[in-house]
Amino acid sequence: MGTKRHFRVWRGDSSGGEIQDFDVEVNEGEVVLDIIHRLQATQTPDLACRWNCKAGKCGSCSMEINGMPKLGCMTRMSTFEEDETVTITPLRTFPVIRDLVTDVSFNYEKARETPAFAPPEGVAPGQYRMQQVDVERSQEFRKCIECYLCQNTCHVVRDHEENKTAFSGPRFFIRAAELDMHPLDAREDRKEYAQAHQGLGYCNITKCCTEVCPEHIKITDNAIIPMKERVVDRRYDPLVWLGRKIFRRDQLDEPARVPATVSASASGGGSADSTPEVHTSGTPFTSARQGEAPPVRDDGKMDVAELALPHQGGPSPFGDDQEFPLPVEDLTYNPPSKEDPDSKEDH
Amino acid sequence: MTTRIERHHYDVVVIGAGGAGLRAAIEARLAGKRTAIISKSLFGKAHTVMAEGGAAAAMGNVNSRDNWMVHFRDTMRGGKFLNNFRMAELHAKEAPERIWELETYGALFDRTKDGKISQRNFGGHEYPRLAHVGDRTGLELIRTLQQKIVSLQQEDFAETGSYDSKIRVFAETTITELMLDGDRVAGAFGYYRETGEFLLLEAPAVVLATGGVGRSYKVTSNSWEYTGDGHALALRAGATLINMEFLQFHPTGMVWPPSVKGILVTESVRGDGGVLRNSEGKRFMFNYVPDVFRKQYADTEEEADRWYTDPDNNRRPPELLPRDEVARAINSEVKEGRGTKAGGVYLDVSTRMPAETITKRLPSMYHQFKELADVDITKEPMEVGPTCHYVMGGVEVDPDSAAAFGKVTGLFAAGEVSGGMHGSNRLGGNSLSDLLVFGKRAGEHAAAYVDALAKRPRVATSDVESAVDVALAPLNRQSGENPYTLQQDLQAVMGDLVGIIRRAGELTDAAKRLQELKQRVANVGATGGRKYNPGWHLALDLRNMLVVSECTAKAALEREESRGGHTREDFPAMSPDWRKVNLVCSVDKSGDVHLERKPLPKMREELITLFDRTELSKYLTDGEMVEFDALPGAGKTEAK
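Residues numbered from 1 in each chain as written. Chains lettered and ligands numbered in written order. Predicted model: local features only at pLDDT ≥ 70, side-chain atom pairs only at ≥ 80, totals over all residues. Heavy atoms only, no water.

## Points about the overall build of chain A
Regarding its fold elements, chain A presents nine helices and seven strands. Sorting the 347 residues of chain A into buried and exposed places 57% on the buried side. The contacts in chain A between residues at least 6 apart in sequence include a share of 66% that link residues at least 24 apart. For chain A, the computed accessible surface area is about 15,100 Å², with 49% contributed by carbon and sulfur atoms. (Helix = DSSP H or I, 4+ residues; strand = E, 2+ residues; numbered from the N terminus. Buried < 20%, exposed > 50% of the residue type's maximum accessible area, 1.4 Å probe, protein only. Contact = heavy atoms within 4.5 Å. Areas by Shrake-Rupley, 256 points an atom, 1.4 Å probe, with all protein chains shown as cover.)

Pasting the structure below:
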């Protein structure tokens with residue numbers, strides 16, 4: 001039968017907690033979530049953990065295993081050494097509720113702020129015609145199981161509570177990209193909207209999100225970069241640039257950027273004047289980490305040299321010099337504090 | 001302990017945030033009703049995501065000979081004629097509209113060459129009929145409905161300044177009791193999982209869309225949520241359940257490694273060309289084609305293989321028989337010693353199509369086996385065996401309005417929690433379309449019911465107080481029995497004694513053991529506090545699992561025949577007399593389950609004459625055949 005293995009699990013709630021040690025039986029073929037269930041059944045009936053399908057389809061059991069954001073149900077015990085201690089902590093980017101359960105409402109708020117699909121006018125149900133090759137681009141993003149590992153990993157918001165207001169995160173960039181590439185979506189300003197209101201400019205394509213995606217969606221290459229490139233194209237188009245210099249703002253032919261349905265939710269003023277900027281007015285300005293535009297060459301294209309990495313998925317979110325697993329004694333978990341004294345003031 | 005109870009007022013409360021619940025909520029909100037959606041998990045995590053194959057709708061995009069009448073016939077055949085014919089009729093007629101509607105919400109189905117929604121073959125469906133997105137159709141459906149709700153909330157925000165003003169999602173919230181005013185629904189009582197705080201939703205109409213009961217079984221494809229909550233809530237509110245003896249064991253669940261035992265392997269594997277072999281390498285399904293299906297299924301491997309490319313001139317491979325037949329066949333092979341070491345059979349696509357086709361058509365299966373079992377399905381066969389998947393039985397409803405029968409009004413049910421639509425066995429692909437068709441109907445009729453009410457029912461304070469007491473009881477028994485042990489014991493009873501193959505002796509034994517478990521569940525305890533405490537949540541769910549299991553065990557003992565998802569070793573034949581009977585369950589004040597026989601509604605003339613005489617004669621009694629022959633339209637339908 002099984003062997004006893006050593007586990008360390010963070011237990012506690014918003015008022016604090018600690019990593020506790022457990023010795024648990026592990027059998028052949030088991031995954032980390034099985035071990036958590038065994039803990040619940042035998043030692044800690046009230047250990048809080050989300051899960052549903054146990055097959056990597058629902059995205060509920062997101063956690064950090066030996067420091068790496070992962071799905072508990074898809075992390076097989078056989079990927080660890082026999083005598084390796086496995087440390088399980090909650091997602092760090094979201095406030096902890098209890099044990100391994102975090103408050104992911106940030107993501108649901110961002111989902112509500114992302115303009116919905118706009119059906120084409122005059123096309124009756126049943127009359128939608130699209131080619132397979134055209135729907136496949138969006139379908140890649142619709143594979144998303146909303147585990148929010150990308151949101152958790154993204155360093156723009158990981159440990160930067162103050163950026164959460166302005167930044168929607170990779171999950172919602174692929175949503176915007178999905179709608180942008182939808183053959184029949186009636187809105188034409190998905191990219192501009194993402195730049196102006198979702199904080200696309202904060203992303204500096206380090207590909208951390210792609211690396212942790214359990215569905216292997218190429219978030220950066222297939223969604224974020226194409227969205228940025230075309231926004232950039234427009235911004236650096238010499239004619240548009242010249243036009244901006246010689247026409248008055250109200251003569252400029254900018255696409256409408258604020259949706260009719262969510263205009264009130266968007267950042268107030270900002271929309272009436274020219275180019276989408278990283279910081280729209282109404283967005284709380286933060287000094288902790290400036291929004292960065294991607295590096296752009298003279299021809300208006302982005303320098304893609306940084307994509308030529310030795311392994312797919314790009315650099316580790318933790319830096320290339322970080323080896324996994326982390327030494328056990330280095331692993332800690334501190335719930336993100338709701339009040340970040342440095343950055344709370346609203347400009 | 002002081003109890004704080006949050007109170008809310010709604011017009012319609014939808015319990016369950018899977019496909020049926022979300023579709024019902026959309027419809028209620030479109031009818032102008034203030035709507036609450038109760039989700040036991042996070043919003044968008046519902047069990048619907050596990051549906052892989054597709055949604056059946058006779059759009060005729062791939063084979064233009066398909067239409068609602070063919071779909072209706074397939075559904076009735078699949079359910080062995082025990083289906084509520086009206087539900088099967090509405091379902092077949094309305095499914096295409098419901099699918100097309102999803103495209104206007106933003107769904108992106110796979111396409112045919114001319115840009116229409118592509119449709120795939122599936123067990124029991126005569127033509128390619130399942131709208132699909134690779135093998136993650138359920139995810140597409142739930143995401144689409146979720147995003148439609150968000151889009152309605154955005155409209156409400158633009159109008160009122162609040163996203164939640166007309167439709168609100170209560171995530172991670174469980175309802176433990178329905179509140180009644182006499183025999184009218186007055187609201188629902190439950191708790192937030194996160195905080196353990198209680199809430200009371202006062203509403204004159206409640207739509208149950210809580211899914212199934214599979215968690216009472218050891219080997220199941222169902223998640224922790226599937227504890228029969230809606231079934232139990234309905235019973236306790238005075239509604240009735242039908243067909244509870246019929247459980248679908250999906251023929252192909254994973255069997256190895258042990259920790260993933262039960263997780264689903266989609267039927268599309270077989271629809272796209274996968275074949276079943278025993279440990280001797282034989283395609284055994286040819287030995288298991290029952291007489292009623294002989295005309296539609298191939299009897300040689302050559303013909304079966306030709307069918308994939310030329311379905312019009314060949315009969316289908318027997319791997320695509322309805323699920324109950326395939327599950328029983330696998331069960332017999334394993335029992336007779338021709339199974340794999342882990343107790344399954346082989347399902348092979350690796351020798352049937354090129355690796356790129358497999359990874360393209362079955363991406364999540366490839367992924368699932370690679371990551372969970374370290375098996376590359378493009379190179380080696382999968383090991384599969386039956387797993388508890390779906391309950392055909394459920395709340396007895398009016399087919400047109402989805403309103404629950406029994407003593408209660410204002411209660412509606414849609415999706416897996418309702419009964420009748422699928423008869424004794426559900427065809428794959430019919431559940432996704434079922435939840436859209438009847439989800440919409442439930443939402444629409446719940447809204448109409450609210451409009452017609454002269455006076456809103458009131459929730460009695462004493463009912464709320466007793467609901468609080470029941471909910472807190474396990475926490476006040478910290479030294480009570482461990483809920484996880486109780487759940488395992490219940491799963492053992494149901495899996496071993498009320499499983500795929502049933503016998504009178506074992507069922508009697510099961511009934512006795514369930515009574516013992518009932519005593520123990522009354523003493524279940526939960527350690528820890530109210531904040532996100534899974535032990536406490538399970539302790540509360542156990543009560544529901546138990547009463548539903550009791551219905552299943554009792555009905556299974558009563559029905560002395562084998563049909564669809566109910567196989568009695570001691571009564572192996574299908575009985576035309578039993579076809580005329582539904583078993584109806586109710587509970588009394590003390591919580592005991594009562595069983596009653598009720599005649600099946602009689603199919604309308606224009607529907608029954610869609611079948612040919614030879615086929616009907618396999619299901620109907622001699623008396624019914626005499627009546628059939630007297631019909632003017634009888635026998636004029638072309639034999640299928």
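After that view of the structure, there is still more to cover.
## Some thoughts on the overall build of chain B
Counting its secondary structure elements, chain B contains 19 helices and 23 strands. Here chain B has a C-alpha radius of gyration of 24 Å; the compact-globule value for 640 residues is 26 Å, and the two agree. Considering chain B as a whole, with its 640 residues, one finds that 67% of them fall into the buried category. Residue pairs at least 24 apart in sequence account for 73% of intrachain contacts in chain B once pairs closer than 6 positions are excluded. Distance between charge centres in chain B, computed from 82 positive and 89 negative side chains, equals 1 Å. (Rg over C-alpha atoms; globule rule 2.2 N^0.38 Å. Lys, Arg positive; Asp, Glu negative; His and termini not counted. Charge placed at Lys NZ, Arg CZ, Asp CG, Glu CD.)

## Brief notes about the domain arrangement of chain A
All names here are of chain A. For chain A, the domain assignment lists domain 1 (3–101), domain 2 (105–261) and domain 3 (294–347). Contact residues are listed per partner, giving 18 residues for domain 1 and 11 residues for domain 3. Counting the surface lost from both domain 1 and domain 3, the interface buries some 1,200 Å², and carbon and sulfur atoms represent 74% of this. Of all residues in domain 1, Asn66, Met68 and Arg92 give up the largest surface area on contact with domain 3, accounting jointly for 29% of the area buried on that side. In this structure, the connection of domain 1 to domain 3 is made through zero salt bridges. There are one residue pair in polar contact (both at pLDDT 80 or more) connecting domain 1 and domain 3. Those elements giving two or more residues to the side of domain 1 that touches domain 3 turn out to be strand S1 (3–13), strand S4 (68–71) and strand S5 (86–89). Here the side of domain 1 that touches domain 3 is built from residues that sort into nine nonpolar, six polar and three charged. (Domains from an automatic or database assignment. Buried area = accessible area lost by both parts, 1.4 Å probe. Salt bridge = Lys/Arg side-chain N within 4 Å of Asp/Glu carboxyl O. Polar contact = N/O pair within 3.5 Å; in protein donor to acceptor, adjacent residues only side chain to side chain. Nonpolar A, V, L, I, M, F, W, Y, C, P; charged D, E, K, R; others polar.)

## Describing the pattern of salt bridges
All names here are of chain B. All told, the structure shown has 94 salt bridges over all chains when counted by the stated rule. A salt bridge links Arg77 to Asp74; the nearest nitrogen and oxygen atoms lie 3.1 Å apart. One end of the pair, Arg77, and the other, Asp74, are both in helix H2 (residues 68–78), three residues apart, so they sit about a helical turn from each other. A relative accessible area of 2% places Asp74 in the buried class. When the shortest N-O distance is used, the salt bridge between Arg568 and Asp570 registers 2.9 Å. Residue classification places Arg568 among the buried residues on the basis of a relative accessible area of 0%. Asp570 sits in the partly exposed class, given a relative accessible area of 33%.

## A word on the pairing of strand S11 (residues 205–208) of chain B
All names here are of chain B. Neither face of S11 is left uncovered, since the one carrying Ala205 and Val207 and the one carrying Val206 and Leu208 both have all their residues buried. Here strand S2 (residues 12–15) runs beside S11; their pairing, made up of four bridges, is parallel. The residue bridging Val13 from the neighbouring strand is Val206, located in S11. As judged from the three bridges shared by S11 and strand S18 (residues 411–413), these two strands associate in the parallel manner. Residue pairing in the sheet places Leu208 in a bridge with Ala413 of S18. (Pairing = 2+ DSSP bridges.)

## Quick word on the side chain of Lys440 of chain B
Residues and elements named next belong to chain B. Here Lys440 is to be found in helix H11 (residues 430–452). We classify Lys440 as buried; its relative accessible area is 16%. In this structure the side chain of Lys440 is engaged in a polar contact, spanning 2.7 Å, whose partner is the side chain of Glu444.

## Quick word on the interface of chain B and chain A
Across the boundary between the two partners, chain B contributes 70 residues, which contact 68 residues of chain A. A buried area of about 5,700 Å², summed over both sides, lies between chain B and chain A, and 53% of it is on carbon and sulfur atoms. For the interface between chain B and chain A, the tally reads six salt bridges. The salt bridge involving Arg142 of chain A is made with Glu140 of chain B; its shortest N-O contact spans 2.6 Å. The greatest single-element share of the side of chain B that touches chain A, amounting to 13 residues, is contributed by helix H4 (residues 137–160) of chain B. Counted by class, the side of chain B that touches chain A contains 26 nonpolar, 21 polar and 23 charged residues.

## Some points on unusual backbone geometry
Residues and elements named next belong to chain B. Residue Trp256 is joined to Pro257 through a cis peptide bond whose omega torsion reads -5°. Along the chain, Pro257 falls in the loop between strand S13 (247–254) and helix H6 (268–271). The phi torsion at Tyr532 lies on the positive side, around 30°, for a residue other than glycine. Relative to the helices and strands, Tyr532 resides in the loop between helix H14 (504–521) and helix H15 (534–558). Judged by relative accessible area, Tyr532 falls into the buried class, the value being 2%.

## What about the confidence of the model for chain B?
Considering every residue of chain B, the mean pLDDT works out to 94; 99% of them sit at 70 or more. If you check the scores for this complex, the pTM reads 0.86 and the ipTM reads 0.89. (pLDDT = per-residue confidence, 0-100.)

## Describing helix H1 (residues 19–30) of chain B
Residue and element names in this part refer to chain B. Taking 1.5 Å per residue, 12 residues should reach 16 Å; H1 reaches 16 Å between its end C-alpha atoms and fits that length. Among the 12 residues that make up H1, 11 are buried, leaving the element largely enclosed by the rest of the structure. Those residues of H1 lying buried are Gly19, Ala20, Gly21, Leu22, Arg23, Ala24, Ala25, Ile26, Glu27, Ala28 and Arg29. Gly32, located one to two residues past H1, shows a positive phi value of around 85°. (Expected span 1.5 Å × (residues − 1).)

## Let's talk about the sheet that holds strand S3 (residues 35–38) of chain B
Residues and elements named next belong to chain B. Taking strand neighbours across the sheet as the criterion, the five strands line up as S7-S3-S2-S11-S18 in an open arrangement whose pairing is parallel. In this open sheet, the two edge strands, each paired with only one partner strand, are strand S7 (167–170) and S18. The mean inter-strand angle of the sheet, taken between neighbouring strand axes irrespective of direction, is 20°. Against the sheet, H1 contacts S2, S3, S7 and S11, and its axis sits at roughly 170° relative to S3. Sheet strands touched by H4: S3 and S7. Its angle to S7, the strand with the most contacts, is close to 130°. (Axes fitted to C-alpha atoms, helices over the stretch in contact; angles between N-to-C directions.)

## Some details on the sheet that holds S13 of chain B
Residues and elements named next belong to chain B. A sheet is described by the order of its strands in space; here four strands give the open sequence S13-S16-S15-S14, paired in antiparallel fashion. The two strands at the open ends of the sheet, each matched to only one other strand, are S13 and strand S14 (275–277). On average, each strand axis in the sheet is tilted by 45° relative to the strand beside it, whichever way the strands run. The pairing of strand S15 (residues 345–348) with strand S16 (residues 382–391) spans three bridges and is antiparallel. By the bridge assignment for S16, Leu347 is matched with Met382.

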